[in-house]
Every structure is written in structure tokens, then in C-alpha cells.
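Notes for the structure review
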Amino acid sequence: MLPSELHAAPLLEDTGAAHGLEGTRATDIVIVGAGLAGLTAARRLSAKGVRVVVLEARQRVGGRTLSYELRDGRVIDVGGQWVGPIPGETTSSTIPGQAVQRTQHRVFDLAKSLGIHTFKTYDSGSYVNETVSGLRTTDSGTRLPIDVGDVGAAETVLLWNQMAKQIDPTHPWDSPSREQALDWDSLTVDSWMRQNLIPPGQGPGSETYALTTLAAQSVSGPCDPRDMSFLDMLVAIATAGTIDNMINTGGGAQDSRFIGGSQRISIKLAAGLGDRVVLGAPVRSISQNRHGVTVSGDGFSVKGKAVIVALPPTLTGRIHYDPPMSEFDGGTRDQLVQRTPMGSTIKVQAFYPHPYWREQGLAGQATSDRGPITSTFDNTPFTTDAATTSSPDVSPGALVGFMDAGDAREWAQKSMAERRKATEATFARFFPGGPDAIGYLEMNWSLETYTGGCYGVFFAPGVWTSYGPALTRPVGRIHWAGSDISPVWNGYMDGAVHSGEVAATEVLEQLAHHEVALHNEPPGLKSTLR
Ligand code: FAD
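Bear in mind that the values here come from a model prediction, so they are computed numbers and not experimental data.

Scanning the protein from terminus to terminus reveals 18 helices and 24 strands. With the principal axes as the frame, the protein shows a C-alpha extent of 70 × 55 × 45 Å. Expressed as a percentage of its 530 residues, the buried residues of the protein come to 62%. Taking contacts inside the protein between residues at least 6 apart in sequence as the whole, the part at least 24 apart equals 75%. Only carbon and sulfur atoms are counted for the fraction: they give 51% of the accessible area of the protein, which is about 19,100 Å². Placing the 44 positive and 55 negative side-chain charges of the protein at their respective mean positions leaves the two points 6 Å apart.

Here is the structure:
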């Protein structure tokens, strides 16, 4: 996976975490998963004097954030990486008057409190856009040239932003009204586009369809428009404020990157928790009774008063529950997690002697409906010399691209050599005239047992309106966290941090009461959390 010429290796820092666990241990709150959500919850609870044990399946922390160190010590992210809009800066908007201020201050502030700072994503020069009409460069204010290219696409994005504003992401199943939610949730994004694009009757093959598909994919799982509920897409937009906030670089979600890599946030959080974090400890079962919970894996059990499960929803369905969750809620939660697929993405990166596209006045950012790569960015590693960071001479220069949805599924069947060839050919198509690549790095998150795909979950029609409340509702002493259930910046690192804070608050509220009537208690289960 990692060509030797790059000498790239995972960040391996000793956080003081325990490796493996045997026998039985007791604590106050057990946390499953040492991604940003689980570690945020652990930190918050520990700060309040609550004892925690964090059980992590992998031999590392960070989950969907994963950073690699190059030979010269600089770092490249193969998972989640960008942060934005960042506090104190103006939010960008394609269409005048559409801006909605919704910063990712949670993860930004958390990182800052851990001494981790950000640097700007390279965003100077023209963007490249490829649709059925061909390849063009634009000086558009947005990554999709909907403000200059296609009136139909611009009007659609405007409309989606307005529809999303009517949705309360904490209960999308009945907002703005039950009837409207049911209506939107009965359509896929594709069927909505076929019925509503302006001018009417445009399907695959038209430029408007291509541009709006790219917009939809950048807010979704990623998945194809035919896979996703139209309501789910609007919910994703609502959690971020606008589509612009999600797709734009300067002032948008791709505004900045973390110096030293995004995984460093989890590494520092874990270091603060020491051996309260246990690596290599996949959780297989959770049992609960009137006294508390027992969270077990191979050869170990941890007893506590409650558990926070901070995993993508579909992975929560791989855990065995005793009593079954259906005894609490008539089977709603179990039915829900059977319907929570993860998106498909292969993140590919090619390295060049220097970022040659900058010399040509290009930002290194492209969008395409041709595939196999549908979007690219300049991903040149940070150098401590600020002048060099934005210079064309910095070495190496890097381009990152994403093979999404159907492209990811198709290209996952091929060899790495074929994907590398396709990646370098696609980058050369967008940014011709450069030298040969000197290195290649790829990560297919669908192959990761403890992630299952990325960037996050998406819902098919009918899921939000039939099962929505079960996404966040505790089941007895089991609480849920993770970016995929967050009503703010859903699917992003910021959403993960938010969900961890919420879960910790929920548990603290329960701990504050000696006698707690747990939500949906099964008959006969009398709970006392202290
Ligand atoms: P996770 O990070 O998935 O953490 C869950 C943890 O649980 C993992 O460590 C896992 O190993 C562990 N686990 C799983 N099963 C078990 C078990 N049975 N027992 C114990 N432990 C278990 N977000 C952004 O904000 N900006 C971006 O630019 C961005 N780009 C992305 C690009 C890619 C390629 C990917 C993959 C994600 C991207 N994201 C981005 C999304 C972001 O990384 C995630 O939303 C966020 O990191 C999720 O954090 P989490 O704690 O909710 O879940």
C-alpha cells in the first residue's frame, strides 16, 4: 500500500495506553471506541472525576483519522483531515445572501487546547471542472462552478439550502411537518432530481444533473444519488448550515488542515487518559441489569454503571446485547442499525517533486463527473516555513483525490498498480504538463473491519421517518455517540466531538440521580446508577 520511495509510516506515539486486557475490571463508565467521539466523552467524564475505561478494537487510537509520517517528518492524512469553517472567519457563499455561519469550533477549539494548530489548505488559482461539456478552468468563488456555469444547478443548490433550513436535525422525522418529512423521505436524491431539475426533464447526461450529482455526493456518505433518501441529504446540509459550507475550501469545510495530522488530536487525548485507554480490545458483547453493565471481549470484562458506544451505527449492530435491545424498544434500534450503511471511498494521493500545478496558476482542485476520481485537492504536506507552504518549490507536492461510491466499488476490485495508474492519469488529465509522480498512497476504508466504509453513514428512503428517534435514544444503560449521529456537522470530526460531549453530559445527568428511571426500561429492570 505504501511505496517505498515515500518512506511513509503510521504515526506511532506512545500514549501510555494499555495493550490488551485480561480478567475483570470495574469502573464507572465504559466507553467503546477510541475515535474522536469516544475520547472526547472520556476526557469530559474524567475531568468531572468519573472513572472511565475506553475499549478500542484497533492497536491505535483515532478511528477514521489516520496520519502517516514521511521520511522528512512531515505528515499526510489518509482519513479525515480538513477543518472549517474555522471560528473568526467569514463563511463563504456561492449565492449572495445564502451564507449561514456554522463553524467547526468544537474540533478546532479542542485541537487548540491540546496545542495542535491549523494551516490553510492551498486555495490560490483556478479550479478545474469536468462535466459532459468537457474540461474547463474557472475562477469561480466555489468549487462547483454553479455560480458561473449552470443556472439550473445554481437554482437547485439554492433550493436545497432553503429546504434544509426548514429541517431541525435533532428530529428530522417530523420537521418541518410530519407530512413534509414523509414526502421527502419517500424519494431518493436521484428521483427528486429527475422530477425537479430546472429546466425539467433533465437526467443523467445533462450538465445540470452532473453538477447537482457532484453537489449531492459531496454532502452524502458518499453514495450514489439513487441510494440516498432526499430527506437524508437535506438533513446532512441542515447539520452544516448550507451546501457551500460543506463543499467550499476557503471559508468552507476544506478551509484548513491540522499541523502534524488530524490523528494527533486523538493521540493527545489518549495521552491524557493513559492506561484508561485499552488498545487491541474489541468489544463483543454488552449485558445490563439493575446493577449496571458488563462490557466484554475476548478474555476480559469491564463492569460499570453505564456504557457509551462510540461507533458508526452499523458496527453497533455487530455487538451482542443481553438482554436484546428489542426488549427495551420493540426492536426499533436493532431494525435501525440493519439500515445504516457506510459510504464507499478510496482516498488516493500522488506525490510529485514539487506542486507543479501552482506554477500554472491552478489550485490543484478539480471536480469531475467522469471518474474514477470525482474531486481533488492540493494536499502538499505542511512545512514549518510559512512562505514555503504556499510556494511552487516546496517538495514534495501532493494531490489527493477520492474514488467515491460506484467508482470506489469498481476500482476496489482492481489491483493497486491499476488504481495508481488511473490516479496518476486522472491527475494528469486535470493538471497536464507536470513531471511523473514519485510516490502514491491509498486507503480503502471499506476494507477496515472496525470502520466499514466512509466518510460516514447514509440513509435510504424511509429510514429517518420510520426509525429516526432510535439513532440517539439510550437503550437502558447504553448511550450512543459518534459523528454519524450528530445533529451538528454530521459525519465530520466536529460532529464526533459534539456527540462525545452530548453522551458525556447524558451520562453525568444520570449519575447525578441516585435512582434513575431509565428510558424504556424493560419490565422488571429497576435501575440504580449509584
Ligand atoms: P470513528 O473514528 O469511526 O471511531 C470509532 C472507533 O471505534 C474506532 O477507533 C474503531 O476502531 C473502534 N471500534 C469499532 N468497533 C469496535 C468494537 N467492537 N470494540 C471496540 N472498538 C471498536 N471529517 C472531517 O471533519 N473532515 C474531513 O476532511 C474528513 N474527511 C474524511 C475522509 C476520509 C477518507 C474518512 C474515512 C473520513 C473523513 N471524515 C472527515 C470523517 C471523520 O474522520 C469522522 O467523522 C470522524 O473521525 C469519526 O469519529 P468517531 O469517533 O465518531 O468514529
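Close contacts around the ligand come from 36 residues, with E56, R58, R64, S483 and M493 the closest. Take R58: an N or O atom from its side chain is 2.9 Å from an oxygen atom of the ligand. Relative to its free-state accessible area of 1,000 Å², the ligand is covered by the protein chains to the extent of 97%. For the shell around the ligand, the elements supplying multiple residues, two or more each, are α1 (36-47) and α18 (493-511). Residue composition of the shell around the ligand, grouped by class: 21 nonpolar, eleven polar and four charged.

Turning next to unusual backbone geometry. Of note, the amide linkage connecting S175 to P176 takes the cis form, showing an omega dihedral of 0 degrees. Looking at where P176 falls in the secondary structure, it is placed in the loop between α3 (151-165) and α4 (178-185). A cis amide bond links G371 with the next residue in sequence, P372, at an omega value of 0 degrees. With respect to the element layout, P372 can be found in the loop between β20 (362-368) and β21 (375-378). Residue A405 is not a glycine yet carries a positive backbone phi of 50 degrees. Residue W489 is not a glycine yet carries a positive backbone phi of 45 degrees. Following the sequence through the fold, W489 ends up in the loop between β24 (478-480) and α18.

For the rest of this paragraph, the subject is helix α15 (residues 405-412). Listed as buried for α15 are A405, D407, A408 and W411. Across the axial projection of α15, the buried residues extend over an arc of 160 degrees, all falling on one side. On its buried face, α15 is in contact with α6 (207-219), β19 (345-352), β22 (397-404) and α16 (416-430).

Taken in spatial order, the three strands of this open sheet run β1-β6-β7, and their pairing is antiparallel. What marks the edges here is a single partner per strand, and that holds for β1 (9-10) and β7 (75-77). Direction of pairing for strand β6 (residues 67-69) relative to β7: antiparallel, over a ladder of three bridges. Within the sheet, the bridge partner assigned to Y68 lies in β7 and is I76.

On to the sheet that holds β20, then. Ordered by their spatial adjacency, seven strands build an open sheet running β11-β10-β20-β21-β22-β19-β23, and the pairing between neighbours is mixed. In this open sheet, the two edge strands, each paired with only one partner strand, are β11 (134-138) and β23 (439-444). Between one strand axis and the next, the sheet turns by 15 degrees as a mean value, whatever way the strands run. Relative to β23, β19 is paired through six bridges, and the arrangement is antiparallel. By the bridge assignment, F351 is partnered in β23 with G439.

Using the criterion set out here, one finds 21 salt bridges in the structure. We note a salt bridge from R64 to D484, for which the minimum N-O separation is 2.8 Å. Here R64 is found in the loop between β5 (52-55) and β6, whereas its partner D484 is found in the loop between β24 and α18, with 420 residues between them in sequence. Residue D484 is classed as buried on the basis of its relative accessible area of 2%. Notably, a salt bridge pairs E424 with R420, separated by 2.7 Å at the nearest N-O pair. In this pair, E424 and R420 both sit in helix α16, four residues apart, roughly one turn of the helix. Taking relative accessible area as the criterion, R420 reaches 22% and is therefore assigned partly exposed. Through salt bridges with shared partners, a single network forms among D224, R226, D227 and R409.

Calculation criteria
- Residues numbered from 1 in each chain as written.
- Predicted model: local features only at pLDDT ≥ 70, side-chain atom pairs only at ≥ 80, totals over all residues.
- Heavy atoms only, no water.
- Helix = DSSP H or I, 4+ residues; strand = E, 2+ residues; numbered from the N terminus.
- Buried < 20%, exposed > 50% of the residue type's maximum accessible area, 1.4 Å probe, protein only.
- Contact = heavy atoms within 4.5 Å.
- Areas by Shrake-Rupley, 256 points an atom, 1.4 Å probe, with all protein chains shown as cover.
- Lys, Arg positive; Asp, Glu negative; His and termini not counted.
- Charge placed at Lys NZ, Arg CZ, Asp CG, Glu CD.
- Near = heavy atom within 4 Å.
- Polar contact = N/O pair within 3.5 Å; in protein donor to acceptor, adjacent residues only side chain to side chain.
- Nonpolar A, V, L, I, M, F, W, Y, C, P; charged D, E, K, R; others polar.
- Arc of directions from axis to C-beta.
- Pairing = 2+ DSSP bridges.
- Axes fitted to C-alpha atoms, helices over the stretch in contact; angles between N-to-C directions.
- Salt bridge = Lys/Arg side-chain N within 4 Å of Asp/Glu carboxyl O.

Remember that the coordinates give geometry; whether it matters functionally is a separate question.
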